[in-house]
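What the coordinates show
Single-letter residue listing:
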Amino acid sequence: MTQESTYHYNVIRRAIAEIDAADVPMGLEALAARMGMSPAHFQRVFTAWVGVSPKRYQQYLALDHARILLRERFTTLATADAVGLSGGGRLHDLFLTWEAMAPGDYAKGGAGLTIRQGWFDSPFGPALVMGTDRGICGLGFAAETGPEATLADLQGRWPEARFIEDPETLSPMVTTAFGGTGGQTRLHLIGAPFQIKVWEALLQVPTGHVTTYSEIALATGHPRAVRAVGTAVGRNPISWLIPCHRALRKSGELGGYHWGLPVKRAMLAHEAARTGA
């Protein structure tokens, strides 16, 4: 990703804060002034990032939009296959394949595993990407948490692994992951068996759609394990690609997000603008 992509996200992140603080929707001129830009420049930045006007984007960022998504773009995972919204559709969107680590290997805390890592610009701010020979195993965002906390968080998932800086090897998969064309992004899911079931359920939620924690619990075969599902969603190590940002509460509230709610809202708005959701 380019420095321009990160710049665009930072502008949008600041705009989100201004929108949240306002009692009423803000006009183009007012938002542009808060960003220190001319209205025309601010409009261009927004359009380049999401393809819609700041006014329309505010509608996507509004808290009520999560409820609209839940009402109009809700994916019932149990019937996803019947309506063509299964994992296959999700994989087609992002050219993904995945492989899970054996439970016994996971229990070793990554012992004997070499994990490459590198920092990249993304539409959602600085992104830390980690990968094994089998694919991307970690993806976290530092815009809200900071780079040191993000690094410690992901490395702490596999304390016995060997980490090496190698962004060059990861770069082709990262480019595809954030909207590039061609190639394929492979994922290496490293987690406990129940966590992997939850993450596989999340992979069934197509771009522009959302689901609920209770639906995910049902899809895993443990309908009463909503709290455990929430924990597993929060422990998803491959954010964005395993779309935990698409999991909402039944009420339509956003719920939590490991890398900060502004990032979750930006992701939902980013997808909604591109799919017309």
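For the structure itself, consult the block above.
Residues numbered from 1 in each chain as written. Predicted model: local features only at pLDDT ≥ 70, side-chain atom pairs only at ≥ 80, totals over all residues. Heavy atoms only, no water.

A tally of helices and strands in the protein yields 13 helices and eight strands. When the 277 residues of the protein are sorted by exposure, 50% land in the buried category. Considering only contacts in the protein between residues 6 or more positions apart, those separated by 24 or more positions represent 69%. Here the protein displays about 12,200 Å² of accessible surface, and carbon together with sulfur accounts for 53% of that area. (Helix = DSSP H or I, 4+ residues; strand = E, 2+ residues; numbered from the N terminus. Buried < 20%, exposed > 50% of the residue type's maximum accessible area, 1.4 Å probe, protein only. Contact = heavy atoms within 4.5 Å. Areas by Shrake-Rupley, 256 points an atom, 1.4 Å probe, with all protein chains shown as cover.)

Moving on, we get to the pattern of salt bridges. Applying the stated criterion to the full structure yields six salt bridges. Across the pair Arg116 and Asp166 runs a salt bridge whose closest N-O atoms are separated by 2.9 Å. In this pair, Arg116 sits in strand β2 (residues 114-120) while Asp166 sits in the loop between β5 (162-165) and α9 (167-177), placing the two residues 50 residues apart along the sequence. Judged by relative accessible area, Arg116 falls into the partly exposed class, the value being 22%. A network of salt bridges, in which partner residues are shared, links Arg116, Asp133 and Asp166. (Salt bridge = Lys/Arg side-chain N within 4 Å of Asp/Glu carboxyl O.)

To continue, consider the packing of aromatic side chains. A complete count under the given rule lists three aromatic pairs for this structure. Residues Phe124 and Phe141 carry aromatic rings whose centres are separated by 6.0 Å and whose planes lie at 85° to one another, so their mutual orientation is edge-to-face. Here Phe124 is found in the loop between β2 and β3 (127-132), whereas its partner Phe141 is found in strand β4 (residues 135-141), with 17 residues between them in sequence. Owing to a relative accessible area of 0%, Phe124 belongs among the buried residues under this scheme. By relative accessible area, Phe141 is classed as buried at 0%. Considering the side-chain rings of Phe124 and Trp240, the 4.8 Å spacing of their centres and the 55° angle between planes classify their relative orientation as tilted. With Phe124 in the loop between β2 and β3 and Trp240 in the loop between α12 (226-234) and β8 (247-248), the pair connects residues that are 116 residues apart, well separated along the chain. Taken together, the ring pairs in this structure connect Phe124, Phe141, Phe178 and Trp240 into an aromatic cluster. (Phe/Tyr/Trp six-rings, centres within 6.5 Å; stacked < 30°, edge-to-face > 60°.)

Within the largest apolar cluster, 63 residues are counted, with the highest numbers of intra-cluster contacts made by Phe42, Leu139, Phe141 and Val233. Looking at this core, the element that brings in the most residues is helix α1 (residues 3-21), giving six residues. Contact partners of Leu139, with chain neighbours within four places excluded, come to Ala127, Leu128, Val129, Leu154, Phe178, Pro237, Ile238, Ser239, Trp240, Leu241 and Trp259. (Core = buried A, V, L, I, M, F, W, Y, C linked by side-chain atoms within 4.5 Å.)

Our next topic: unusual backbone geometry. Positive phi, close to 75°, is recorded for Trp240, a residue that is not glycine. Classification of Trp240 as buried rests on a relative accessible area of 8%.

Turning to the environment of His258, a few remarks are in order. Inspection of the secondary structure assignment puts His258 in the loop between β8 and α13 (261-275). Sequence spacing of His258 and Arg235 is 23 residues, and the spatial spacing of their C-alpha atoms is 7.7 Å. Within polar-contact distance, the side chain of His258 engages the side chain of Asp153 at 2.5 Å. Among the polar contacts listed, one links the side chain of His258 to the backbone oxygen of Gly234, at a separation of 3.4 Å. (Polar contact = N/O pair within 3.5 Å; in protein donor to acceptor, adjacent residues only side chain to side chain.)

Both β2 and β5 contribute to a ladder of four bridges, which runs parallel. For Gln117, the partnering residue across the bridge sits in β5 and is Glu165. The hairpin formed by β2 and β3 contains six residues between the paired strands, and Gly125 there has a positive phi angle of roughly 95°. (Pairing = 2+ DSSP bridges.)

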